[in-house]
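Analysis of the macromolecular model
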Amino acid sequence: MPELTIFAGSVYGNAQHVAEQVQEELEGQGVKCEVLSDPQVSDFTDATAILVVTSTTGQGDIPPNLEFVFADLKDAFPLLNQKPFAVAALGDSSYDTFCGGGRQFHELLLELQGNAVADMLEVDAIETLEPEKDVLEWVNTIKDKLVG
């Protein structure tokens, strides 16, 4: 079983790429990771630690590949019993709904009694052309809290 399950919420592939870069980096450090882009509720409940890397679409919405599991998590409401998690949100601050998808996921995981090991990271497309650099730097600072 992986030490960290990375859930990638992507519309155009950017968040998926970032998630895969995080996986590559952490596996290079000896952390077993798995990236999921079409997860089920059980993937969240079975995970040892959770990292959500998601973009935002529409009016602050969760990307289509995660919207069903998000709704299923809200309906089933499986308690995460202080399971460590973190959320990296990719967005564009020129929109009112900047990082809305990430915010929704962060709030839901808190409601499910997950343990946020860090504040949600907001990566602004206006400020950075390579979001993977910001996310990798952040993940490396919280890695010990996330996967012990």
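Everything below is about the structure shown above.
Conventions adopted
- Residues numbered from 1 in each chain as written.
- Predicted model: local features only at pLDDT ≥ 70, side-chain atom pairs only at ≥ 80, totals over all residues.
- Heavy atoms only, no water.
- Axes fitted to C-alpha atoms, helices over the stretch in contact; angles between N-to-C directions.
- Helix = DSSP H or I, 4+ residues; strand = E, 2+ residues; numbered from the N terminus.
- Parallel < 35°, antiparallel > 145°, perpendicular 65-115°, else oblique.
- Left-handed = near helix turned anticlockwise from the far one by under 90°.
- Contact = heavy atoms within 4.5 Å.
- Nonpolar A, V, L, I, M, F, W, Y, C, P; charged D, E, K, R; others polar.
- Buried < 20%, exposed > 50% of the residue type's maximum accessible area, 1.4 Å probe, protein only.
- Pairing = 2+ DSSP bridges.
- Right-handed = clockwise from strand over helix to strand, strands pointing away.
- Phe/Tyr/Trp six-rings, centres within 6.5 Å; stacked < 30°, edge-to-face > 60°.
- Salt bridge = Lys/Arg side-chain N within 4 Å of Asp/Glu carboxyl O.

**Observations regarding the packing of helix 3 (residues 64-76) against helix 4 (residues 100-111)**
- In the contact formed by helix 3 and helix 4, the axes pass within 11 Å of each other and the chain directions differ by 25°. With respect to helix 4, the axis of helix 3 lies roughly parallel. You can see that helix 3 and helix 4 cross each other, and the crossing is left-handed. Contact with helix 3, carried on its side by Leu66, Phe70, Leu73 and Lys74, involves Gln104, Phe105 and Leu108 of helix 4 and no other residues of that element.

**Side note on the packing of helix 1 (residues 14-28) against helix 5 (residues 131-147)**
- Taken N-terminus to C-terminus, the directions of helix 1 and helix 5 make an angle of 40°; their axes are 9 Å apart at the nearest point. The angle between the axes of helix 1 and helix 5 places the two elements in the oblique class. Of the two elements, helix 1 crosses helix 5, and the hand of that crossing is right-handed. Contacts from Asn14, His17, Val18, Gln21, Val22, Glu25 and Leu26 of helix 1 reach helix 5 at Pro131, Glu132, Val135, Leu136, Val139, Asn140 and Lys143.
- Tallied by class, residues from the contact of helix 1 with helix 5 come to 7 nonpolar, 4 polar and 3 charged.

**A closer look at the pairing of strand 1 (residues 4-9)**
- For strand 1, the buried fraction is high: 6 of the 6 residues fall into the buried class.
- Burial along strand 1 is two-sided: Leu4, Ile6 and Ala8 and Thr5, Phe7 and Gly9, pointing in opposite directions, are all buried.
- With 4 bridges joining them, strand 1 and strand 2 (residues 33-36) adopt parallel strand pairing. Looking across to strand 2, one finds that Thr5 is bridged to Glu34.
- In this region the chain leaves strand 1, passes through helix 1 and returns to the parallel neighbour strand 2; the handedness of that crossover is right-handed.

**A few points about the packing of aromatic side chains**
- Across all of its chains, the model carries 3 aromatic pairs by this definition.
- Judged by centre distance (3.8 Å) and plane angle (10°), the rings of Phe7 and Phe44 are stacked. With a gap of 37 residues between them, Phe7 in strand 1 and Phe44 in helix 2 (residues 41-46) connect regions that are remote in the sequence. Residues Phe7 and Phe44 agree in their burial class; the two are buried.
- Relative to Phe105, the ring of Phe44 has its centre 6.0 Å away and its plane inclined at 15°; by these criteria the two rings are stacked. Of the two residues, Phe44 is situated in helix 2 and Phe105 in helix 4; the sequence distance between them amounts to 61 residues. For the pair shown, Phe44 and Phe105 are each scored as buried.

**Let's talk about the side chain of Thr5**
- You can see Thr5 is positioned in strand 1.
- Contacts of Thr5, omitting those with residues within four sequence positions, involve Glu34, Leu36, Ala47, Ala49, Ile50 and Leu51.

**Some points on the pattern of salt bridges**
- Tallying each qualifying case throughout the model produces 2 salt bridges.
- Between Glu122 and Arg103 there is a salt bridge, with the nearest N and O atoms lying 2.8 Å from each other. Linking Glu122 in strand 6 (residues 121-124) with Arg103 in helix 4, this pair joins segments that are 19 residues apart in sequence.
- Classification of Glu122 as partly exposed rests on a relative accessible area of 37%.
- Of the charged contacts, one joins Lys133 and Glu130 as a salt bridge, the two residues approaching to 3.4 Å between their closest N and O atoms.

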